[in-house]
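Listed here are the chains, written in short residue letters.
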Amino acid sequence: MIKNYWRTALRNLWHTRTFSIINIFGLAIGLCAALVIWLVVHFDLGFENFRPERDRIHRIVLDANFSGETFHMAGVPFAMPAAIATELTGIKNVTPIYFTSLEVAIPRPGQSNPTVFKGPNRTVYTNAHYFSLFHSYTWLAGSATPLDAPYHTVLTKSRAATYFPGLNPTEIIGKTITYNDSLNAIVCGIASDPPANTDLDWNEFVSISTLAHTNTRYADPNEWGNFTDASECFFELAPGIQPAAIESQLIRLWKKHAADAGPGNSYNWRLQPLSDLHFNPFYTPFYHRTAHKPTLYGLMLVAVFLLALGCINFINLTTANASRRAREIGVRKTFGSSRSQLLLQFLGETFLLTMLSLTLSLALTPWLLRAFSDFIPRDLHFNFFHQPALWLFLLMLLLAVTLLAGFYPSWILARLQPIQVLRNQPVAGATSRRAVLRKILTVFQFTVAQAFIIATVIVGHQLHYSLTADLGFKKDAIVNLETPYTADAADNKRFLLLDRIRNLPGIERAGIGGIAPSGEYPNTSEFTYTNGTQKRDMQLELRDGDSNYIRIYHLQLLAGRNLRPSDSSTELIINRSLCTFLGFRNPADAIGKILLNGSQPVPIVGVITDFHQAGMHTLIKPLVLTWSNKDQFTIHIALRPQTPDGAGWKTTMALVEKTYRETYPGRNFDFAFLDDVIAKYYVAEQQLSTLLRWATGLTIFISCLGLAGLVIFTTNARTKEIGIRKVLGAPVATIIALLSKEFVKLLLIAFAIAAPAAWWAIHKWLESFAYRAPVSGWTFALAGLTMMGIALLTMSIRTIRAATANPVDALRTD
């Protein structure tokens, strides 16, 4: 019997191969999308799940409020971890972490010059408690104990193999590594590599006490007022201790060691669970990629929609085509087939078709992963034979799609009455052109398609606005060149390099300073302003730059003058927002006023226009621009306009690189165009826009496949009607309109549903932008007209053929 079922299923698929191909491709696209999305979601939601103690490990984060504006950061003062370890109770394994990128030199026997590794990633300063807190590592040689003393380092297996190829872990212990030309550290341990699904995937650990022997900014063991995102602190709660108890101790600790935030301002130190690290967007992801849970859930919804569209095609085409199998069903029932047997047979046909679709989707998945490699987590791999969870997911997906797509059509076919069928009576619910279920499902398909079109247009419009809007400073033809950090404050190589760059052809202007006006990981500092009896304490963003800084970036002075060279920060320029916050309506009134930076009085010498410091997502913040010859390692270069042949900038940068390598032989030439850096702020939006375009295209394709199938069925069912109308003189245009009218009505209903739903969803998404492009009605009209045009084109392929066919061919048979 089962053999007969399979033979019948294969024969039916072949006889209705047009509809079978439509169903297979529709389901394959949905299954492939579901599989890729499952791989991404399963990977991201599994972060840190391998740690049994993850619920007790926390990171210290800060929510600071200044004058009604909230700042979020994961950085702590460098002095805080040591104070926490000695003054707080209910915690253990206090682990400070300081992120860095170090250039490494490995001495080789028989070589006069060491092997240099330029700026390896995933390097941190920490202590031995790190490996007690995150004890997922396996020690291959040595231990972490020496990390409590300066000049020691631990390497992971992969990093050790990079530095010391051909040596086993035991032989590497005791080897010397030189960091940044001046720091010599001894390898004290080799540990296993971290798993892929963790954000704590560092490969090199230098003892944090080594920082005391460098000139690293914000690494002062007594510093509480200034801090950076590069400095973090993790620890583990003792059993039975709640985070709130530790947070109250942190507040008391801060009040004991740090200055008061002032009236209306506050520092709210709190604990962030390790399980939240991968998903929380409010704290700067200094060293890891964050996943957005709503985006993951949105991807899951997209997968459900694409699967649903494929299933809808199957349901619509199978029920619409039921009359073709009515006689077969009538004969089978006459000869004794039960409803359950027929139901099983039709479900088996659905299972076979779904299996073919799943096989096609598995073949497409590797290609799709390569095509979307920029959007897929770098450590995600598709290995069908080594992922048991994937097998389980595919089995569940196969059964679910078989039941969702096949049960209703199978039930419709199995309940046909043989007397009705053999007497050629109409089949209720299956052959009627006005079947309510088919209309509902078709409306659903085109509602999803039009919602995707609207979302794609609006996201693209906002992205274009963000990338092209005036940011308040020049960003084109600007290059930021990083010079090597040096612990020697008297080293003036960078200033010699600056002078040489200024004299190169193709250079309009060059200066030195910190990050660009809009840059990642800005530093902040505490300032106090006193106006009579009123005192205001502020945590302000810093920009550092010489007198060329405002000229390079075309920052406009509203009042006062530019900065003058100095070995320390002796004067400030403030932005208009800070000027207004301090109570000065006229920028000139702020000139000469004094801000206290700790205990140091610093006069305001200028006021500049506001500029966007972090793209369009955040509001412009109060900011100070200062200058000090110390600790400034970024050279800011304004290039002359591009030459007509398009080779000018390339030639100029080749000269800059030559000059750099002559000044810093063997060092990494690390530069970036500022407009590229700013574009990276919107990587998530660019990825969303690309994914929406793909999802929209696939949705339209699947919907049009189903529409084409329904149009084919409708024209076939109305062949004789069309022939009679043509004989009676109906023009071709009238017949085309008659065949298309019902589908156009469904499209209009779908638009009426999609427009408000898409507007609500996009409005929620736009809330993440402080500055937004206006959304006008033409966006929705464009989406509706686009879908209408595509649908009419799809229908016309069949309706025009039916309307122009010879009526004699339609009427020659009964």
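Just so we're clear, the structure is a prediction, and the values are computed from it rather than from any experiment. (Residues numbered from 1 in each chain as written. Predicted model: local features only at pLDDT ≥ 70, side-chain atom pairs only at ≥ 80, totals over all residues. Heavy atoms only, no water.)

Caption draft 1: Representation of the sheet that holds strand S23 (residues 634-639) within the structure. As summarised here, the arrangement of the 4 strands in space is S15-S23-S14-S24, forming an open sheet in which the pairing is antiparallel. Where the open sheet ends on each side, the last strands, each with one partner, are strand S15 (507-513) and strand S24 (670-673). Across the sheet, the axes of successive neighbouring strands diverge by a mean angle of 20°, strand direction being ignored. Bridging between S15 and S23 involves 6 bridges; their strand directions are antiparallel. The partner of Arg-509 across the bridge, within S23, is Ala-638. Across the sheet, helix H14 (residues 493-502) lies against strand S14 (478-482), S15 and S23, angled at about 165° from S15, the strand it touches most. (Pairing = 2+ DSSP bridges. Helix = DSSP H or I, 4+ residues; strand = E, 2+ residues; numbered from the N terminus. Axes fitted to C-alpha atoms, helices over the stretch in contact; angles between N-to-C directions. Contact = heavy atoms within 4.5 Å.)

Caption draft 2: Spatial organisation of the side chain of Asn-480. With respect to the helices, strands and loops of the structure, Asn-480 is situated in strand S14. Polar side-chain contacts of Asn-480 include one of 3.0 Å to the side chain of Tyr-553. Beyond its immediate sequence surroundings of up to four residues, Asn-480 is in contact with Ala-516, Tyr-553, Thr-634, Ile-635, His-636, Asp-670, Phe-671, Ala-672 and Leu-674. (Polar contact = N/O pair within 3.5 Å; in protein donor to acceptor, adjacent residues only side chain to side chain.)

Caption draft 3: Geometry of H14. Regarding H14, the residues found buried are Arg-494, Leu-497, Leu-498 and Ile-501. One face of H14 carries all of its buried residues, which in axial projection span an arc of 105°. (Buried < 20%, exposed > 50% of the residue type's maximum accessible area, 1.4 Å probe, protein only. Arc of directions from axis to C-beta.)

Caption draft 4: Representation of the environment of Ile-678. The topology assignment puts Ile-678 in helix H18 (residues 674-679). Residues Ile-678 and Glu-520, spaced 158 residues apart in sequence, show a C-alpha to C-alpha distance of 9.2 Å. If we ignore the near neighbours within four places in the chain, the residues touching Ile-678 are Leu-471, Phe-473, Lys-475 and Ser-518.

Caption draft 5: Quick look at helix H21 (residues 732-766). The end-to-end C-alpha distance of H21 is 47 Å, a good match for the 51 Å that 35 residues give at a rise of 1.5 Å each. If you look at H21, its biggest bend is around 40°, right at Ser-740. (Expected span 1.5 Å × (residues − 1). Bend = angle between axes of the 7 residues up to and from the residue.)

Caption draft 6: Representation of the confidence of the model for the protein within the structure. Per-residue confidence for the protein averages 82 on the pLDDT scale, and 86% of its residues sit at or above 70. Across the protein, the element-wise mean pLDDT spans from 56 in helix H12 (residues 418-422) up to 95 in strand S8 (residues 152-156). (pLDDT = per-residue confidence, 0-100.)

Caption draft 7: Broad picture of the pattern of salt bridges. What the rule picks out here adds up to 16 salt bridges. For Glu-232, the salt bridge goes to Arg-59, with nearest N and O atoms at 3.1 Å. Here the residue Glu-232 occupies a position in strand S12 (residues 231-237), and Arg-59 occupies one in strand S1 (residues 57-66), the gap between them amounting to 173 residues. Each of the two residues, Glu-232 as well as Arg-59, counts as buried. Note that Glu-662 and Lys-658 form a salt bridge whose closest N and O atoms lie 2.8 Å from each other. You can see Glu-662 and its partner Lys-658 sitting in helix H17 (residues 648-663), 4 residues apart, about one turn around the helix. Of the residues examined, Lys-658 reaches a relative accessible area of 51% and is grouped as exposed. Put simply, Asp-499, Arg-502 and Asp-546 are held in one network by salt bridges that share partners. (Salt bridge = Lys/Arg side-chain N within 4 Å of Asp/Glu carboxyl O.)

Caption draft 8: Structural detail: the packing of H14 against H17. Where H14 meets H17, the closest approach of the two axes is 10 Å, and the angle between their N-to-C directions is 150°. Comparing their axes, H17 and H14 come out roughly antiparallel. For the pair H14 and H17, the sense of crossing is right-handed. Taken together, the residues of H17 that come into contact with H14 (itself represented by Lys-493, Leu-497, Arg-500 and Ile-501) are Val-656, Thr-659, Tyr-660, Glu-662 and Thr-663. When grouped by side-chain class, the residues that make up the contact of H14 with H17 number 4 nonpolar, 2 polar and 3 charged. (Parallel < 35°, antiparallel > 145°, perpendicular 65-115°, else oblique. Left-handed = near helix turned anticlockwise from the far one by under 90°. Nonpolar A, V, L, I, M, F, W, Y, C, P; charged D, E, K, R; others polar.)

Caption draft 9: Molecular detail of the nonpolar core. Membership of the largest hydrophobic core comes to 125 residues, with the highest contact counts inside it found for Leu-481, Ile-501, Tyr-553, Ile-637 and Val-656. In terms of residue count, helix H2 (residues 17-45) provides more of this core than any other element does, 17 residues in total. In this structure, Ile-637 is in contact with Ala-477, Ile-478, Val-479, Leu-481, Ile-501, Ile-507, Arg-509, Ala-510 and Val-656, ignoring residues within four places of it in sequence. In terms of nonpolar packing, the next biggest core, distinct from the first, is built from 45 residues, Ile-97, Tyr-130, Ala-144 and Leu-274 among them. (Core = buried A, V, L, I, M, F, W, Y, C linked by side-chain atoms within 4.5 Å.)

Caption draft 10: Representation of a nonpolar patch on the surface within the structure. A cluster of nonpolar side chains, Ile-21, Phe-25 and Phe-701, forms an exposed patch at the surface whose accessible area comes to about 290 Å². Along the chain, Phe-701 turns up in helix H19 (residues 683-717). Its relative accessible area of 40% is what places Phe-701 among the partly exposed residues. (Patch = residues over 30% accessible without salt bridge, like charges linked within 9 Å, V, L, I, M, F, W, Y side chains within 5 Å. Areas by Shrake-Rupley, 256 points an atom, 1.4 Å probe, with all protein chains shown as cover.)

Caption draft 11: Just the environment of Thr-126, in detail. Residue position: Thr-126 is located in strand S6 (residues 123-126). By relative accessible area, which is 0% here, Thr-126 ends up buried. The residues touching Thr-126, leaving out its near neighbours within four places in the chain, are Thr-95, Pro-96, Ile-97, Leu-147, Phe-205, Val-206, Ser-207 and Ile-208. Only 2.9 Å separates the side chain of Thr-126 from the backbone oxygen of Pro-96, close enough to count as a polar contact.

Caption draft 12: Geometry of the packing of helix H13 (residues 436-468) against helix H22 (residues 777-804). Two elements in contact, H13 and H22, have axes whose closest approach is 9 Å; the angle formed by their N-to-C orientations is 135°. Accordingly, the angle class assigned to the pair H13 and H22 is oblique. Crossing angle aside, the handedness with which H13 passes H22 is right-handed. Along its contact with H13, which presents Phe-446, Ala-449, Gln-450, Ile-453, Ile-454, Val-457 and Ile-458, the element H22 presents Trp-778, Thr-779, Phe-780, Leu-782, Ala-783, Gly-784, Thr-786 and Met-787. Of the residues contributing to the contact of H13 with H22, the split by class is 11 nonpolar, 4 polar and no charged.

Caption draft 13: Structural view of the side chain of Gln-272. Residue placement: Gln-272 occurs in strand S13 (residues 266-273). A polar side-chain atom of Gln-272 sits 2.7 Å from a polar atom in the side chain of Arg-59. In terms of polar contacts, Gln-272 uses its side chain to reach the side chain of Asp-276, at 3.1 Å. Non-local contacts of Gln-272, meaning those with residues more than four positions away in its chain, are made with Ile-57, His-58, Arg-59, Val-61, Leu-277, Asn-280 and Tyr-283.

Caption draft 14: Just the pairing of S23, in detail. Buried residues dominate S23, accounting for 6 of its 6 residues. The alternating pattern of S23 places Thr-634, His-636 and Ala-638 on one face and Ile-635, Ile-637 and Leu-639 on the opposite face, and all of these are buried.

Caption draft 15: How the structure looks around the packing of aromatic side chains. The tally for this structure, following the rule as stated, stands at 33 aromatic pairs. When the centroid spacing of 5.3 Å and the interplanar angle of 85° are considered together, the rings of Phe-43 and Phe-47 count as edge-to-face. Overall, the relative accessible area of 13% leaves Phe-43 in the buried class. Taken together, a centroid distance of 6.2 Å and an interplanar angle of 85° make the contact between Tyr-137 and Phe-205 edge-to-face. (Phe/Tyr/Trp six-rings, centres within 6.5 Å; stacked < 30°, edge-to-face > 60°.)

Caption draft 16: Representation of unusual backbone geometry within the structure. Positioned with a positive phi, Glu-48 is a non-glycine residue whose angle comes to about 65°. Its relative accessible area of 1% is what places Glu-48 among the buried residues. In this structure, His-554 takes a positive phi of about 55° despite not being glycine. Within the secondary structure, His-554 is located in the loop between helix H15 (549-552) and strand S18 (557-560).

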